[in-house]
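Structural features, examined
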Amino acid sequence: MAFRAVLFDIGDTLWHAADAPPPAKFRRLAAERAQAFLASISMPVKDPALVARVAWDSLEGAMREARQTDRREPDYAAIARDALRARGVELSLESAAALMEAIYVSGPEGGKAAYPGARQLLDTLRSRGFKLGIITNRAFGGERFRDDLKAAGLDIGWDANVVSVEVGYLKPHPAIFERALSDLGETGTRTVMVGNSLAEDIAGAQAFGMATAWKRSRPDAEGVTPDFTFDDVSELLEWSVLKGVSVG
Ligand SMILES: [Mg+2]
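Here the structure is a predicted model, which means the values were calculated and not measured. (Residues numbered from 1 in each chain as written. Predicted model: local features only at pLDDT ≥ 70, side-chain atom pairs only at ≥ 80, totals over all residues. Heavy atoms only, no water.)

1. What about the coordination of the magnesium ion?
- Bound to the magnesium ion are the protein donor atoms Asp-9 (OD), Gly-11 (O) and Asn-196 (OD1), situated 2.2 Å from the metal.
- Sequence positions of the residues that donate to the magnesium ion give the spacing D-x1-G-x184-N. Of this pair, Asp-9 sits in the loop between β1 (5–8) and β2 (15–17) while Asn-196 sits in the loop between β6 (191–195) and α9 (198–206), and the two are 187 residues apart along the sequence.
- The buried category is assigned to Asp-9, whose relative accessible area is 6%.
- The buried category is assigned to Asn-196, whose relative accessible area is 14%. (Donors = N, O, S within 2.8 Å, 3.2 Å for Na, K, Ca; no water. Helix = DSSP H or I, 4+ residues; strand = E, 2+ residues; numbered from the N terminus. Buried < 20%, exposed > 50% of the residue type's maximum accessible area, 1.4 Å probe, protein only.)

Next comes the structure, spelled out in structure tokens:
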């Protein structure tokens, strides 16, 4: 089989929270930003920490539920707006969306760093002729995510960069894998999936006939068997499937 493309999960596959601040610091930063944002729209509130917490908890709760049910991305801004309204804080949908962006602590500030060898892995796979793509479950996409990739040294000019919140579906929903394959211009059987979740990455990709590599993590599914298992990303370069793109 000739493989031509590799799709990567990001979180705990290519980067991780190497140096994340303690939860109390996250909460303090979020509260400060909520306060600054609400002041900027002339809506001072008594307890900005509570606003930040209610908004953030609503997002996490909605994402958790979506992962357990239909894997459709919730409208996080609408959910935060409604949760805040129940606490007597009235925001427009647009302001609720801006508040969520404001309180989201990400990238280097969130302690995110690439695993050692991740960039070299990507550069080597590209030099071997593979197209490379990202497929990630995230509630924030857009420029913010691209900036975080850059800060982590993972801005390689991806051939596909597919974020669940932009597609409307979370892995392992087929729709997000279809988008990734379409953006790569490849079929499942010519594509390799690399990720740390058996349920979301490995099972989702196997439904499309992809070869799969699992970064060993706490198993989150039973009866899912990847083709290759690794601990250090550099091990992928020794896997026969990724030795090079064959023609034909
Ligand atoms: Mg992951």
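2. What to know about the environment of Asp-183
- Mapping Asp-183 onto the fold places it in helix α8 (residues 174–184).
- Taking the relative accessible area as the measure of exposure, Asp-183 reaches 39% and is therefore partly exposed.
- C-alpha of Asp-183 to C-alpha of Gly-133: the two residues are 50 residues apart in sequence and 8.6 Å apart in space.
- Leaving out residues up to four positions away in the same chain, Asp-183 has contacts with Asp-159, Ala-160 and Val-162. (Contact = heavy atoms within 4.5 Å.)

3. Quick notes on the packing of aromatic side chains
- Counted by the stated rule, this structure contains eight aromatic pairs.
- Aromatic pair Phe-8 and Trp-158: ring centres 6.3 Å apart, planes at 70°, arrangement edge-to-face. Within this pair, whereas Phe-8 is found in strand β1, its partner Trp-158 is found in the loop between α6 (142–151) and β5 (160–163), the two being separated by 150 residues in sequence.
- Exposure remark for Phe-8: the relative accessible area of 0% places this residue in the buried category.
- On the numbers, 6.0 Å between centres and 85° between planes, the contact of Trp-15 with Phe-145 is edge-to-face. One end of the pair, Trp-15, is in strand β2; the other, Phe-145, is in helix α6, and 130 residues separate them in sequence. This pair shows no difference in class: Trp-15 is buried, exactly as Phe-145 is.
- Ring pairs connect the aromatic residues Trp-56, Tyr-104 and Phe-140, which therefore count as one cluster.
- The cationic tip of Lys-215 hangs over the ring face of Tyr-115; the distance from NZ or CZ to the ring centre is 4.4 Å. (Phe/Tyr/Trp six-rings, centres within 6.5 Å; stacked < 30°, edge-to-face > 60°. Lys NZ or Arg CZ within 6 Å of the ring centre and 35° of its normal.)

4. Quick look at the layout of surface pockets
- If you add up the space inside the largest pocket, you get close to 1400 Å³.
- Along its surface, the largest pocket is lined by 45 residues, and Trp-56, Glu-60, Met-63, Tyr-104 and Lys-112 are the ones closest to its centre.
- Secondary structure elements with two or more residues in the lining of the largest pocket: β2, α1 (23–40), α2 (48–68) and α9.
- Among the elements that take part in the lining of the largest pocket, α2 stands out by supplying eleven residues, more than any other.
- Its residues placed into classes, the lining of the largest pocket shows 18 nonpolar, eleven polar and 16 charged.
- Composition of the lining of the largest pocket by domain shows at least three residues from each of domain 1 (5–17 + 113–242) and domain 2 (23–104). (1 Å grid on protein atoms, 1.4 Å probe; cavity = no way out; pocket = protein on both sides within 12 Å on 5 of 7 lines; lining within 4 Å. Points joined across faces, edges and corners; volume = space filled by probe spheres on them. Nonpolar A, V, L, I, M, F, W, Y, C, P; charged D, E, K, R; others polar. Domains from an automatic or database assignment.)

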